[in-house]
Each structure stands twice: as structure tokens, then as C-alpha cells.
Amino acid sequence: MGNEASYPKEMCSPFEKGEIKRLSKRFKKLDLDSSGTLSVEELMSLPELQNNPLVKRVIDIFDTDGNGEVDFEEFVTGLSQFSVRGNEEQKLRFAFSIYDLDKDGYISNGELFQVLKMMVGENLKGWQLQQMVDKTIIIMDKDGDGRLSFQEFSALVRGLEIHKKLVVTLVYCQQNLKA
């Protein structure tokens, strides 16, 4: 895993030195098999993540090298997107990546349907959800290509101030570190 002090400043920029140390302690505590990486199962051991329908998508986004596990650098970089010091653009890009399943820079009708299905579960019938997705694409797809670009997505969610909701303070992390 390496020493948290050895990571590049840009990776840790939203965090102060003490926060990085606390994140390192939390990472080590979560790393049940001491492998230096966190598996989906280890991350899912956190009670606050167990009932989140999008947690596996978030883990996929944190896992930038695609090896199925999250190392310390990926952990800190991923969490930095939720820092109170993180910027709006970064948070919007993270939210966009939740929906961009194939990472092609666009949200297709099918991708929007799949992610919303994860979120609503069985609360809506498939045809009802598809109608919502179709309507969203029709209204927000300004260039008429049948998919949402980051700019189109941003126009949709910016008014919702989603970036203000994508915040985790390290006070919360500090409390959990002591547990």
C-alpha cells in the first residue's frame, strides 16, 4: 500500500495531512485480508454502504485500473470527489460517470434505464421507467443524437445542486475511524 506521505500532492489535494493519515487508518481497518487493496466484499462490510443500490457503481468508478479492487490511491482519489473542498465540476463529472456505464462519454437511453432501475428497483414497472427515460432523453438531448453528453447532463443536474449533496466530511470519517 505504501506510506500515505509518499502519494503525490495532487491526489491528496482536497485533504489535509491529518485527514490522509485518518483515511490510511480507515483503509487498513477495512483491508481485512491485509492485501493492500479493498475488495467489493470488504467495502460492503460498511453498514452505511450495504443498502445503497449504487455502491457497486461507485466502487467501479473508484477502481480506475479495472482490477476489481480499490488500492489506497484509488480510495483517496475516489473519496476526494466527495470532499467539501472538491469543486462542482469534479462532482458533476463523478455523477455523470455513475450513468456512463461503458465510459464512452455519453449516457445512452439504455444506460440511463439500467442505472435508474438500480435506484428504483421494483417500485416502477419497466415500461413506466422506460417512459421516464425516453422523456428525459427527448427533453435534455439538445443536439438530437439520442444520448446525453456531459454538457447536457450538467444542464439537467446543475439546477438540482447535486454537487452540494455529493459531500462527505471527514468528521464523519473520524467518527468511524474510532469505531
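Structure's up top.
Nothing here was measured: the structure is a model prediction, and the numbers come from that model.

### Re the packing of helix H2 (residues 17–30) against helix H6 (residues 72–80)
Here is step 1: Packing of H2 against H6 brings their axes to within 11 Å, and their N-to-C directions diverge by 125°. In terms of their interaxial angle, H2 and H6 are classed as oblique. Handedness of the crossing formed by H2 with H6: right-handed. Across the interface between the two elements, Ile20, Leu23, Ser24, Phe27 and Leu30 from H2 touch Phe72, Phe75, Val76 and Leu79 from H6.

### Remarks on the packing of helix H5 (residues 55–62) against helix H7 (residues 88–99)
Here is step 1: Packing of H5 against H7 brings their axes to within 9 Å, and their N-to-C directions diverge by 115°. Regarding the angle of H5 to H7, the classification is roughly perpendicular. Between H5 and H7 the crossing geometry is right-handed. Residue-level inspection shows Arg57, Val58, Ile61 and Phe62 of H5 in contact with H7, the latter providing Phe94, Ser97 and Ile98.
Here is step 2: For the contact of H5 with H7, a count of residues per class yields five nonpolar, one polar and one charged.

### Focus: helix H9 (residues 126–140)
Here is step 1: In this model, H9 (15 residues) spans 21 Å end to end at C-alpha, consistent with the 21 Å of a helix rising 1.5 Å per residue.
Here is step 2: Every buried residue of H9 is accounted for by Leu129, Val133, Ile137 and Met140. The arc that holds every buried residue of H9, seen down its axis, measures 85°, which confines them to one face. Across H9 from its buried face, at more than 90 degrees, point the exposed residues Trp127, Lys135 and Ile138.
Here is step 3: The inward-facing, buried residues of H9 contact strand E3 (106–108), helix H8 (109–120), strand E4 (147–149) and helix H10 (150–158).

### Observations regarding the nonpolar core
Here is step 1: Core analysis: the biggest nonpolar cluster contains 39 residues, and Leu23, Phe75, Ile98 and Tyr99 have the highest contact counts within it.
Here is step 2: Listed by contribution, the elements that provide at least two residues to this core are H2, H5, H6, H7, H8, H9 and H10.
Here is step 3: Sorting elements by how many residues they give to this core places H7 first, with six residues.
Here is step 4: Discounting chain neighbours no more than four positions away, the residues touching tyrosine 99 are Ile107, Glu111, Leu112, Val115, Leu116, Met119 and Phe153.

### Details of the side chain of aspartate 141
Here is step 1: Position of aspartate 141 relative to the elements: it lies in the loop between H9 and E4.
Here is step 2: Comment: no salt bridge for buried aspartate 141; closest opposite-charge side chain is arginine 147, at 7.2 Å.
Here is step 3: For aspartate 141, the contacting residues outside a window of four places in its chain are Thr136, Gly146, Arg147, Leu148 and Glu152.

### A closer look at the pattern of salt bridges
Here is step 1: With the rule as written, the count across this model stands at four salt bridges.
Here is step 2: Among the ionic pairs, glutamate 89 bridges to arginine 93, the shortest N-O distance being 3.2 Å. Of this pair, glutamate 89 and arginine 93 both sit in helix H7, separated by four residues, roughly a single helical turn.
Here is step 3: Residue glutamate 89 is classed as partly exposed on the basis of its relative accessible area, which comes to 35%.
Here is step 4: Take arginine 93: its relative accessible area is 42%, and that puts it in the partly exposed class.
Here is step 5: For lysine 117, the salt bridge identified is with glutamate 122, shortest N-O distance 3.9 Å.

What counts, and at which threshold
Residues numbered from 1 in each chain as written. Predicted model: local features only at pLDDT ≥ 70, side-chain atom pairs only at ≥ 80, totals over all residues. Heavy atoms only, no water. Axes fitted to C-alpha atoms, helices over the stretch in contact; angles between N-to-C directions. Helix = DSSP H or I, 4+ residues; strand = E, 2+ residues; numbered from the N terminus. Parallel < 35°, antiparallel > 145°, perpendicular 65-115°, else oblique. Left-handed = near helix turned anticlockwise from the far one by under 90°. Contact = heavy atoms within 4.5 Å. Nonpolar A, V, L, I, M, F, W, Y, C, P; charged D, E, K, R; others polar. Expected span 1.5 Å × (residues − 1). Buried < 20%, exposed > 50% of the residue type's maximum accessible area, 1.4 Å probe, protein only. Arc of directions from axis to C-beta. Core = buried A, V, L, I, M, F, W, Y, C linked by side-chain atoms within 4.5 Å. Lys, Arg positive; Asp, Glu negative; His and termini not counted. Salt bridge = Lys/Arg side-chain N within 4 Å of Asp/Glu carboxyl O.

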